[in-house]
Every structure is written in structure tokens, then in C-alpha cells.
Amino acid sequence: MNMFSSLMLASLSVLTLPIMSSILNTHKNSTYPHHVKNIISYAFITSLVPTMMFIHSGQETIISNWHWMTIQTLKLSLSFKLDYFSMIFVPVALFVTWSIMEFSLWYMHSDPYITRFFKYLLTFLITMMILVTANNLFQLFIGWEGVGIMSFLLIGWWYGRTDANTAALQAILYNRIGDIGFIMAMAWFLFNTNTWDLQQIFMLDPNLTNLPLLGLLLAATGKSAQFGLHPWLPSAMEGPTPVSALLHSSTMVVAGVFLLIRFHPLMENNKTIQSLTLCLGAITTLFTAICALTQNDIKKIIAFSTSSQLGLMIVTIGINQPYLAFLHICTHAFFKAMLFMCSGSIIHSLNDEQDIRKMGGLFNAMPFTTTSLIIGSLALTGMPFLTGFYSKDLIIETANTSYTNAWALLMTLIATSLTAVYSTRIIFFALLGQPRFLPLTTINENNPFLINSIKRLLIGSIFAGFFISNNIYPTTIPEMTMPIYMKLTALTVTILGFTLALELSLITHNLKLEHPTNMFKFSNLLGYYPTIMHRLPPLANLSMSQKSASLLLDSIWLENILPKSISQFQMKTSILISTQKGQIKLYFLSFLITLTLSMLLFNLHE
Amino acid sequence: MINFIITNMSLVHINIFLAFTVSLVGLLMYRSHLISSLLCLEGIILSLFVIATIVVLNTHFTLASIIPIILLVFAACEAALGLSLLVIVSNTYGVDHVQNLNLLQC
């Protein structure tokens, strides 16, 4: 009897303490945010112990606590599945959240509702933990919806701003469309496997799993912002930077990918769904990378970068490598959260300036932020032996050497190259060159909260990949032998992207201003997708439903079919046929002509 | 046909017939004033009266000699009617241009 399950439950339940303290009204004092941050750090340290036990012994645990209800033959209970995925994800998520909480102590320092902010972030973390440790689909759905709701509340944090409200609503609507797929999958599983428990589903191994897996793919499309349901992610940058760092880069948006990873035993056997996933991920990663090239808001570029990396994760699932996708989730959390935090530091230092065209020359003014931004970008692009390399390079290698769709592979490679391009763009615009911001600056990065949190994630971005990939047990065997050009593909396209972007950026010092080309407009306006899809289908739907609901019965069936149609028809045809114009002279003339003609005819027929 | 008329009719007949025809054409083809049409109507009635009188007198058809008188009576009524219509049109429009009479169109 070891302390595995107890420690894990302790770590998870410790997170709920600050929420319950609102009953005792201790959340009104000003040290509440510090309490929250401390509790998360304790939870992180506590959860390290079960993780290390798991890595050492490889035992998986399922904690099935409380039998909630039985509906005819379906038994619903509270059960936590502590297997490879959740055991590694929980410490990573807690570590990243700890750093983000400390960062938001600095970032949201002047916000009067900072305690509420921390409570929201904590609630989000709890629902995310529910999601990843869920053993049945019902509990997963609770966590799923919970992260959606908290995302809504947090994106719309500054609710006085119209754009923030529309962005929050957009997030909810797009997630809802994905939830339809989730519920369809739940219904299918209920009908065909009589359960929502993951163990039973995998044991039964149903044959025709096209429909539920399509539903789960739709859910992942909605939650992880794949192509078709993607516009909410760049719009979600209306929320404060800690929200973007936590939700929309590390934790919430990977929920969709996590769901697909959980169902990998079913997806291994279904080639159709794998191809669909692969193509969806490929098109997402390329499209969002193209859109990221010409954005001017630093947070939007990083948001598109997140979307592109999510597409890469979906591609990895599509080539039947769920463990690699999971590794990429864990490593991506580190450097993406750090990138967001660096951008938050830049934004606050330049007095809330988010446009990269108004930044510049921060290389010397903010050295620490510069360092972490560059290291984060290098980790993102997969520089050898930083964090991103261990997952991203493996993904590209495996994709290259597997029997897969060549178009999807090409798209992924181009998107990898574009990753380097937009990272260079951020570095060039924000850090290099001469300053383009106002002379009266408030540049100050000397706060210990900021420095410590970014420092932690910096160490994580450099070493976490090495650390994690050396300590996990081997699951799928990576491809060991391949031609040297395939081995170096990822590195080559990345270096190509870097050089190209740097060259182009340096040339822009000498160019004259040109009007934007069509390609630029396509990329800047996100491929016109939000412009079309947010206006045309709602208008068509609403006008059609209004017409059919109100006009159809009353005005058409009761009025127009017989009475008005008869009268209209009669009037039109009578006007068409009649020649009465009131021209008396014509009538007289025709009478005369008739008379003359008849007399001529009458007398000339002899 | 024209040979037939010339060989069987005298000049008087042609004269009267032509007076009738000219007035008929004048009734049916006019420019714009309604009153010219009414004038030609009077011309028609005049020529009809002359034709009726000459035929009755030449054929000594005494019993039919009331016809021209009755024709005159009816002509007077009809002229009065026509003139009253003219007065109404002139009251509404000020002039008696016939292109104003176009209310009955659809």
C-alpha cells in the first residue's frame, strides 16, 4: 500500500481550498492572491511525488470514489484515472500555472478585482484537472464545459470593452459547436457500449467507430481551434495576458487534443479517421501560420502560433503517434506560456502597447525579457536540444518516415518553416532596431514576481524537454534509421525560414511604402474566414427562419395563394391585352380606315 | 366602281356624295379640337338632309316628305347634346383638346 492515490488526491483537493475559503470570507483580504499562488506551488510539489512513483514503477491507478447514480444499466461514479497521460500532465500544468499566477501578481497588480481574477484562474485550473483525470466521459464533459465557462468569464474580464464581450461570446459559440460532436459521441457510446467508462469502451473495442470518432474530432476542432472553428482563438486575446498564457496556450486548447489522445486505442484501428485528422491538422497548421505572418498585434501572432502548434499536434495524432502528441503538449506549455508572459512584460512596459509596429529597440532596454523571448522562440521553432526539439523534431521525423499523405506532410513542413518566419518577425519588430514607441517610457522589468516566474519557465523551456523525455518509459518506438536528409528536414526548413525572414525584414529598411497586395490582405484578414462566416450564415438562417415562421402561414397560405394571386393575375393580363389608351383620334382613324377598306374590298372583288 | 358611279350618276349626285364624304372624313380625322368634330357632324347632317330632300322631291314620294323635317329635329337635339358635352369638357380642362379625354384607360 503506497501513498500514490492519497498523495494525488491530496494534491488535487488542496487546489479547492481557496475556493471554499470564500465561504469564510477570507478572500476579501489583500493577501489572497499570494495564498492562491502558494497553494498551487504546494500542490505542484505534492503531485511530483506520485509522478515520480509512477515513472519508477509504471503503475497506473484508477480511483473510483463515489457512486453517483445508476440510470437503468448505466453506472455513473466519480472516478479518477491516473495513468501515463494525467500523471505527467498534472505536474506540468501545475508548474506552468504556478508561474502564471506569480506573473499575474505583477501584471494585474493594479486591478481592483484581483482576488476575483485569481479565483477564476483557480476554478479554471480545477476544471482542467477534472478534465485530464477523468475516467468516464461524463466527468470529462464536466471538466470540458467547466473550462469553456471559465474561458468565457476570463476572456470577458474587461467587460466594459465591446470587443472583449464579442470575443467571449465567440469562444462560447464555437466551443458549443464542438460540444455537439462530443454529445453525439457520448450518445453513441451509451447506445453501443452501454457505458461511459473508458476502460469498458476500450475493452469492448467496437467495430464501426466512425461516428463517435467523428464526433470527438468535431469536439477537438471546436475546443482546440482547428480550421473551421478557429476564429475564437485569436479573438480570445482580448483577455488579460495571464489568461492568454494559461488558457489559450497551455491548458484549455490542448483539451481537444487530449481527448483524442485519450481515445487512441479506438483511433489506431480506424484509418479513415486518422486520415481526416491528419488533413485537418495539416490545413490548420498551414492556414494559421500564413495568417500569423502579417498580424500586427503581438498577442495575436502568438495566438496563431499556438493554433499552428495545435494543428501540429493533431497531425501527430493523425499519423498514429498519440504519445508524441502528448509530449508536444507538455513541452509546448512551457515555452508558449513563457512567450505570452514576455509579451505581457513588453506590453506593460510600453504602457499597454500591443502593436509591434510601435515597438522596437527593446533589446537593450529590457534584457531579461529579450533573453527569454529569444529562447522561447528558439524553443518553439525546434532548435536542437532545447525543449521543443525533443517533441517537434521527433514529430517531423516520424511524419517523414511514415506511410502518410504527402500533401499533409508538405503542408506541415511549410508550416514549420513559417514558424521560424513569424518568430523572426516578432523578434525583429519588438526587439531589434530603433525604438518606435513614445519617448516617455515606463520600461521596468525589475519586479521579482515577473523575473522569478519567467525564470522558472525559462529553465523549463531549456531543460524540460530533455528531462521529460529521458524519464518517461518508452511507449512507441521512434524511427531510428533514416536517410540524413530526412533527419535534417526540420532543421533545414527552420533555418531556411529564419534566414528568409531576417533577409526580408532587413530589406524593409530600404523599401518604399507599397499598397497591400491581395496575398497580404488574405493573410492579414485571416483568410476572410471570420468576415464571411460571422455575417452570411447567421443572416441567411435568421431571415429564412423569420420568413418561414411568420410569413409562411399568414401571408402566403391565407392571403396570397388564392385571393391576391387572382386579382394580381387579372390586372396584369388585362393591362397586357387591352389596347384602350383613351386616344379618341386613333379610334376614329381606325374606324375610317376600316370603312375605306371594306368599301374598297366590297367593290373591287369583281 | 368609279366607272359605275360616273356613268350612272349625274354631277349633282357626285356633289352631294362628296359633301357627305368630306364631312365624314372631317369627323373622323381632326387635329385637336373637339368642336371641329362637332362641326363636321353638322356638315354630315346637312348633306344627309339635302340628299333626303332631293330624293323625295325627284321621285315624288310625297308620303316620305316628313323625313327631312324629322331629321332636322333630331339633328337639333343631337347638336345640343354635343355642345353640352363640349361645355363640360371645356369647364374641366379650359380648352377642348381631345387628348385630355384619356381618363378611361387602364
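Calculation notes
- All chains use their own residue numbering, which begins from 1 and follows the written sequence.
- Starting at A for chains and at 1 for ligands, labels are handed out in the order in which the entities are written.
- In view of the model being predicted, local features appear only for residues whose pLDDT reaches at least 70, and side-chain atom pairs are presented and counted only at 80 or more, with totals across whole chains, interfaces and linings using the full set of residues.
- For side-chain calculations, the full set of non-hydrogen atoms in the structure is used, while hydrogens and water are omitted.
- Counting from the N terminus, the helices are DSSP H or I runs at least four residues long and the strands are E runs at least two residues long.
- Three exposure classes are used, based on accessible area relative to the maximum for each residue type with a 1.4 Å probe and protein chains only: buried under 20%, partly exposed in between, and exposed over 50%.
- Here, residues are in contact when the closest pair of their heavy atoms is within 4.5 Å.
- Only the contacting stretch of a helix is used when fitting its axis, a line to C-alpha atoms as for every element, and angles between N-to-C directions run 0 to 180 degrees.
- With respect to orientation, any angle under 35 degrees is reported as roughly parallel, any angle over 145 as roughly antiparallel, any angle of 65 to 115 as roughly perpendicular, and every other angle as oblique.
- Left-handed describes a crossing in which the near helix is turned anticlockwise from the far one by less than a right angle; the clockwise case is right-handed.
- By the convention adopted, Pro, Cys, Tyr, Trp, Phe, Met, Ile, Leu, Val and Ala count as nonpolar, Lys, Arg, Asp and Glu as charged, and the other residues, Gly among them, as polar.
- Here the expected span of a helix is defined as 1.5 Å times the quantity of residues minus one.
- One axis is fitted to the seven residues ending at the residue and one to the seven starting there. The bend at that residue is the angle between these axes.
- Each salt bridge in this description consists of a side-chain nitrogen of Lys or Arg and a carboxyl oxygen of Asp or Glu lying within 4 Å of one another.

Visitor: Any chance you could explain the environment of Asn15(B) here in plain terms?
Guide: Residue and element names in this part refer to chain B. Among the secondary structure elements, Asn15 is positioned in helix H2 (residues 11–28). Take Asn15: its relative accessible area is 54%, and that puts it in the exposed class. Sequence-wise, Asn15 and Ser47 are 32 residues apart; in three dimensions their C-alpha atoms are separated by 9.8 Å.

Visitor: I tried to follow the side chain of Thr369(A) on my own but got confused; where do I start?
Guide: Note that Thr369(A) resides in helix H18 (residues 367–381). Those residues in contact with Thr369(A) that lie beyond four places of it in its chain are Cys342(A), Ser345(A), Ile346(A) and Glu445(A).

Visitor: What's the story with the packing of helix H5 (residues 114–132) of chain A against helix H12 (residues 254–262) of chain A in this structure? I'm lost.
Guide: For any two helices packed against each other, the geometry is given by the interaxial angle and the distance between the axes. Residues and elements named next belong to chain A. In the contact formed by H5 and H12, the axes pass within 11 Å of each other and the chain directions differ by 15 degrees. If you check the angle between H5 and H12, you find them roughly parallel. Considering how the two elements wind past one another, H5 and H12 form a crossing that is right-handed. Seen from H5, the contacting residues are Met128, Leu131 and Val132; seen from H12, they are Val254, Ala255, Phe258 and Arg262. Of the residues in the contact of H5 with H12, the class split is six nonpolar, no polar and one charged.

Visitor: So what exactly am I meant to see when it comes to helix H26 (residues 536–577) of chain A here?
Guide: In an α-helix, one turn spans 3.6 residues, which is why side chains three or four residues apart end up on the same side. With 42 residues, H26(A) ought to run about 62 Å at 1.5 Å a step, yet its terminal C-alpha atoms sit only 43 Å apart, falling short of that. Taken as a whole, H26(A) carries its principal kink of about 60 degrees at Asn560(A); the proline Pro563(A) stands between one and four residues after it.

Visitor: Would you mind showing me how to read the pattern of salt bridges here?
Guide: In a structure, side chains of opposite charge can pair up when their charged atoms sit close to one another. Residues and elements named next belong to chain A. Overall, the coordinates contain eight salt bridges over all chains when judged by the stated rule. With a shortest N-O distance of 2.9 Å, Glu145 and Arg176 are connected by a salt bridge. With Glu145 in helix H6 (residues 137–155) and Arg176 in helix H7 (residues 162–193), the pair connects residues that are 31 residues apart, well separated along the chain. As a salt-bridge pair, Arg357 and Asp355 come within 3.1 Å of each other at their nearest N and O atoms. Its relative accessible area of 18% is what places Asp355 among the buried residues. Counted as one network, the salt bridges with shared partners bring together Glu145, Arg176 and Asp179.

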